[in-house]
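Chain by chain, the residues run as shown.
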Amino acid sequence: MTKYLSKSSFMAGRDCKRKLWQLLWDRKSASPPDGMAQLNMEFGKRFGVLAHSLYPNGVLIDIDIYNLEKAVEDTRQAINSGSPVILEATFCHDNYRVLSDIVEKLPDGSWHLIEVKSSTKVKDVHYPDLAYQKWVMEKNGYHVSKCSVIHADTSGVWPDLNSIFKIEDITESVNKEYPSIDNELEWMAAFLKEGVAAPDAEDCYSKQCLKCQFKKVCWEGIDDITIYDVINVRKLADLKDLGVLYIKDVPDDFNLSPTEKVHVGRIKEKSIDIDRKAITNKLSKLTYPIYFLDFESISVPCPLFDGNRPWEKLAFQYSLHILDDTDSEPKHIEFLHKESSDPSAYITEGLITDIGDKGSIVVYWAGMEKGVLKSLKDKFPEHSSRLQSMIDRLWDLELIFKKDYRHWEFGTKSSIKVVLPKLLPNSPELSYKSQVIQEGGAASKAWIDLIETDDADLKNKTSDDLKEYCKLDTLAMVELLKLLQA
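Conventions and cut-offs
- Residues numbered from 1 in each chain as written.
- Predicted model: local features only at pLDDT ≥ 70, side-chain atom pairs only at ≥ 80, totals over all residues.
- Heavy atoms only, no water.
- Helix = DSSP H or I, 4+ residues; strand = E, 2+ residues; numbered from the N terminus.
- Buried < 20%, exposed > 50% of the residue type's maximum accessible area, 1.4 Å probe, protein only.
- Contact = heavy atoms within 4.5 Å.
- 1 Å grid on protein atoms, 1.4 Å probe; cavity = no way out; pocket = protein on both sides within 12 Å on 5 of 7 lines; lining within 4 Å.
- Points joined across faces, edges and corners; volume = space filled by probe spheres on them.
- Nonpolar A, V, L, I, M, F, W, Y, C, P; charged D, E, K, R; others polar.
- Core = buried A, V, L, I, M, F, W, Y, C linked by side-chain atoms within 4.5 Å.

Enquirer: How would you sum up the overall build of the chain? Please name residues and give values.
Expert: Within the chain, the secondary structure is distributed over 19 helices and 13 strands. Counting only C-alpha atoms and orienting by the principal axes, one finds that the chain spans roughly 80 × 60 × 40 Å. Looking at the 486 residues of the chain, the share that counts as buried comes to 48%. Looking at the chain alone, contacts between residues at least 24 apart form 67% of all its contacts between residues at least 6 apart.

Structure representation (structure tokens):
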């Protein structure tokens, strides 16, 4: 049995030999994609379909992943019949196969290869991607003289279709990559043959492993904080040459930055560093009533509603816990937009109703809430003063856990999902693992499901799950603040 090398497999091989082997021969061992990955995949497809609308005369190849030979033949027939533009064109040479988003025949008989990417700009990884596609096309006898990327244009406004796309000619950069394709395919070819042994996982370790879907397979048995969790990428090769994997084994005289030295020392000593004076100073800035605020939002390349831009951040939900004074029990208020319409006006109205004009607004990672409030302020200038007041009163709880309260088990992180289980481990009501929705990407994906379904039961269940998740974020802030004030 011999495998085919797709675009995704080729790009995986450039990242890591072990990742290529896993994709080809042990794909089922991959961790399921998280909510954000699912959302990005779904809207990446939608963005590609929208881009097809730019070529109304294009011939769309029907893709059946279990019968790509038919797609190859259909592509050949479309070309032979003189079709000027082919969408989802499929080409195969030996065991190398690509599905190209758009191919356009130019007046001189050569071809224009166009890749659709939902990113806001051309990225370096796009060059080898198109170079591989060009290689396969040219092996089939189709000369590719021009290569471009269509990506999202954040200045565009829906429903003006043309405004949300930008096309950039990257022919020169692709041609620089092109000569390396033969050498890369030479070693990748060995991985396509059945029985090839998997490369040793540890030899392939890198910073990229931290986000790889095969980490649980390759890192089986790794049970401590590693150099890849803490150390700057430029220094990893030297530590790897020394045979160092775990932070506890980093030599004391190894050249580290001051910040790295602090992190490494804390992890080695398993210490907890608490700057009580700095914490007390930050806490003294809080004024009652205290509003604990958390938004859930979505940002996708395909504008969801008229007037939206690609990748515009739309808040669709918030949770609010309110403490009137030091002795009061927190009150909870929540808002979730359940309709298939722009939630911005409803969110703004709710915030103005629920948040008074005095008192601190506690958030975790203020960049998120500040960005949402600024966006709402721009959209609704009539509420500018009230929204600006909220921005001015933001108090970022994460800053304490970034600098003043550092636990060795945090590593270099300070997110609420890292901090909470370490500091309040015996509080099952504060466990994200007990939630149906466990992270922000999944919440965004759930909201899309909520507004797009006609199933009333599913709508109600998804609504309840979203409310419980968002509520936990603000309840967690309440409890963490109590811990700091104790």
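Enquirer: Kindly report on the layout of surface pockets, identifying the contributing residues and their values.
Expert: Its boundaries defined by the atoms lining it, the second largest pocket holds a volume of some 1,100 Å³. Lining the second largest pocket we find 28 residues, and of these Leu-210, Lys-215, Asp-229, Lys-413 and Val-418 sit closest to its centre. Among the elements of the structure, helix 9 (227–230) and helix 17 (416–423) are those that each provide at least two residues to the lining of the second largest pocket. Looking at the lining of the second largest pocket residue by residue, the classes come out as 11 nonpolar, 7 polar and 10 charged.

Enquirer: Summarise empty space enclosed by the protein; cite the residues concerned and give the values.
Expert: Across all of its chains, the model carries 2 cavities of 30 Å³ or more by this definition. Each pocket or cavity is described by its volume, and for the largest cavity that value is around 50 Å³. What lines the largest cavity is Ile-298, Ser-299, Val-300, Cys-302, Pro-303, Leu-304, Asn-308, Arg-309, Trp-311, Glu-312 and Leu-314. If you add up the space inside the second largest cavity, you get close to 40 Å³.

Enquirer: Could you give an account of the nonpolar core, with specific residues and numbers?
Expert: Counting residues in hydrophobic clusters, the biggest one holds 60 residues, and the most contacted among them are Leu-397, Phe-401, Trp-447, Leu-466 and Leu-480. Top contributing element to this core by residue count: helix 19 (residues 456–485), with 9 residues. With residues near it in sequence (within four places) discarded, Phe-401 still touches Tyr-364, Arg-406, Phe-410, Ser-414, Val-419, Leu-423, Leu-480 and Leu-484. Core analysis: the second largest hydrophobic core is formed by 38 residues, Leu-24, Leu-113, Tyr-132 and Met-137 among them.

Enquirer: Before we move on, could you go through helix 15 (residues 384–392) and cite the residues and values that matter?
Expert: Taken together, the buried positions of helix 15 are Leu-387, Ser-389, Met-390 and Ile-391. Residues of helix 15 that are buried sit in contact with helix 13 (344–354), strand 11 (361–363), helix 14 (366–379) and strand 12 (394–396).

Enquirer: Lay out the environment of Leu-54 in plain terms, naming residues and giving numbers.
Expert: Of note, Leu-54 is situated in the loop between helix 3 (35–52) and strand 1 (59–60). Given the relative accessible area of 25%, Leu-54 is considered partly exposed. Sequence separation of Leu-54 and Phe-165 is 111 residues, and the distance between their C-alpha atoms is 9.1 Å. Apart from residues lying up to four places away in sequence, Leu-54 is in contact with Ile-150, Leu-161, Asn-162 and Phe-165.

Enquirer: Which residues make up the environment of Trp-135, and what values go with them?
Expert: Here Trp-135 lies in helix 5 (residues 126–139). The exposure class of Trp-135 is buried, given its relative accessible area of 6%. Trp-135 sits 253 residues away from Gln-388 along the chain, and the two C-alpha atoms are 54 Å apart. Setting aside chain neighbours within four positions, we find Trp-135 in contact with His-93, Tyr-96, Tyr-178, Ile-181, Asp-182 and Leu-185.

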